[in-house]
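# Structural features, examined
So the chains spell out like this:
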Amino acid sequence: MSEMTLYHMGFQIIKEPDIRRGRADADFAQGFYLSDNADFSKRWARKRKDMTSYLNKYLLNTEGLKIKTFERDMEWYDYIYSNRYGKSDSLAEYDLIIGPIANDTLYDTLGILTSGMLKKSQALEVLQIGAQYNQIVIKSQKALQALKFVEALEISDEEIEKYQAFRKKEEEEFQTQFARIVGKLNLD
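The notes below deal with the structure included here. Fair warning: this is a prediction, and the values are worked out from it, not measured in the lab.

### So, the packing of helix α2 (residues 74–84) against helix α4 (residues 120–127)
At their nearest, the axes of α2 and α4 sit 10 Å apart, and the two run at 100° to each other. Classified by the interaxial angle, the pair formed by α2 and α4 is roughly perpendicular. Across the interface between the two elements, Met74, Trp76, Tyr77 and Asp78 from α2 touch Lys120, Ser121, Ala123, Leu124 and Leu127 from α4.

In structure tokens:
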């Protein structure tokens, strides 16, 4: 991989991203979060009065970058868990981190885990359900310099409604699978 096309959804055209603006307690810690899937990115578009949603498009030259790639496994889970609970970023030396997005119900899953109701292996099993989408996180100034803004596309209200309906359907399917799997787990 030497060049990637990436997307970031938001209410602004972001020609010059700032890696320090991201939350430190996000999945892959602080950085500029992107996706390699334009359709998935559009699912995050929102309607707000007097605001426009933009799909920012970038090209990233990965040559010479230190990259960590995750799969949905225990290493991935442990890294997200650590970041979500405010521990120091154990992979801060990487320029770029690529891996699955933890479904938004991860907070619930982690809450159940910390309450003692689920073991780590059971929590990981729950996190295996649902569609998998990747997130790509720019972690360093070196990677940020390799990221080039291409364009920002305005997302219409009709598109926003279409993608929100799709996202809602996907979330409902996830909740059904989530309930089925948690119901089968031996929680004793």
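That was the structure; now back to the text.
### Thoughts on the packing of aromatic side chains
One pass over the structure, following the stated rule, counts nine aromatic pairs. Summarising the aromatic geometry, the rings of phenylalanine 40 and tyrosine 133 are spaced 4.4 Å apart at their centres and angled 20° between planes, so their arrangement reads as stacked. Taken together, the positions of phenylalanine 40 in helix α1 (residues 38–42) and tyrosine 133 in the loop between α4 and β6 (134–138) put the pair 93 residues apart, joining distant regions of the chain. Relative accessible area serves as the criterion here: at 16%, tyrosine 133 is assigned to the buried category. On the numbers, 5.8 Å between centres and 75° between planes, the contact of tyrosine 58 with phenylalanine 149 is edge-to-face. Here the residue tyrosine 58 occupies a position in strand β3 (residues 53–61), and phenylalanine 149 occupies one in strand β7 (residues 147–155), the gap between them amounting to 91 residues. A connected cluster of aromatic rings, assembled from ring pairs, spans Phe28, Phe70 and Tyr79.

### Re the pattern of salt bridges
Under the criterion given, the structure shown has nine salt bridges. Between aspartate 27 and arginine 84 there is a salt bridge, and its shortest N-O distance comes to 2.3 Å. Remark: arginine 84 occurs in helix α2 and aspartate 27 occurs in the loop between β1 (3–10) and β2 (32–34); sequence separation between them is 57 residues. Here the two residues aspartate 27 and arginine 84 agree in accessibility, since each one is buried.

### Concerning the side chain of serine 140
Mapped onto the secondary structure, serine 140 falls in the loop between β6 and α5 (141–145). With a relative accessible area of 14%, serine 140 lands in the buried category. A polar contact is formed between the side chain of serine 140 and the side chain of aspartate 95, at a distance of 2.7 Å. At 3.1 Å, the side chain of serine 140 forms a polar contact with the backbone nitrogen of alanine 143.

### So, the sheet that holds β2
Sheet strands associate in pairs through backbone hydrogen bonding, adopting either a parallel or an antiparallel arrangement. On the basis of which strands lie adjacent, the open sheet formed by four strands has the order β2-β6-β5-β4 and mixed pairing. Lying at the two open borders of the sheet, with one neighbouring strand each, are β2 and β4 (67–69). Each neighbouring strand pair of the sheet contributes to a mean axis angle of 20°, computed without reference to strand direction. Of the strand pairs in this sheet, strand β5 (residues 96–100) and β6 are connected by five bridges, and their pairing is antiparallel. Bridge pairing links isoleucine 98 to isoleucine 136 in β6.

Rules used in this analysis
Residues numbered from 1 in each chain as written. Predicted model: local features only at pLDDT ≥ 70, side-chain atom pairs only at ≥ 80, totals over all residues. Heavy atoms only, no water. Axes fitted to C-alpha atoms, helices over the stretch in contact; angles between N-to-C directions. Helix = DSSP H or I, 4+ residues; strand = E, 2+ residues; numbered from the N terminus. Parallel < 35°, antiparallel > 145°, perpendicular 65-115°, else oblique. Contact = heavy atoms within 4.5 Å. Phe/Tyr/Trp six-rings, centres within 6.5 Å; stacked < 30°, edge-to-face > 60°. Buried < 20%, exposed > 50% of the residue type's maximum accessible area, 1.4 Å probe, protein only. Salt bridge = Lys/Arg side-chain N within 4 Å of Asp/Glu carboxyl O. Polar contact = N/O pair within 3.5 Å; in protein donor to acceptor, adjacent residues only side chain to side chain. Pairing = 2+ DSSP bridges.

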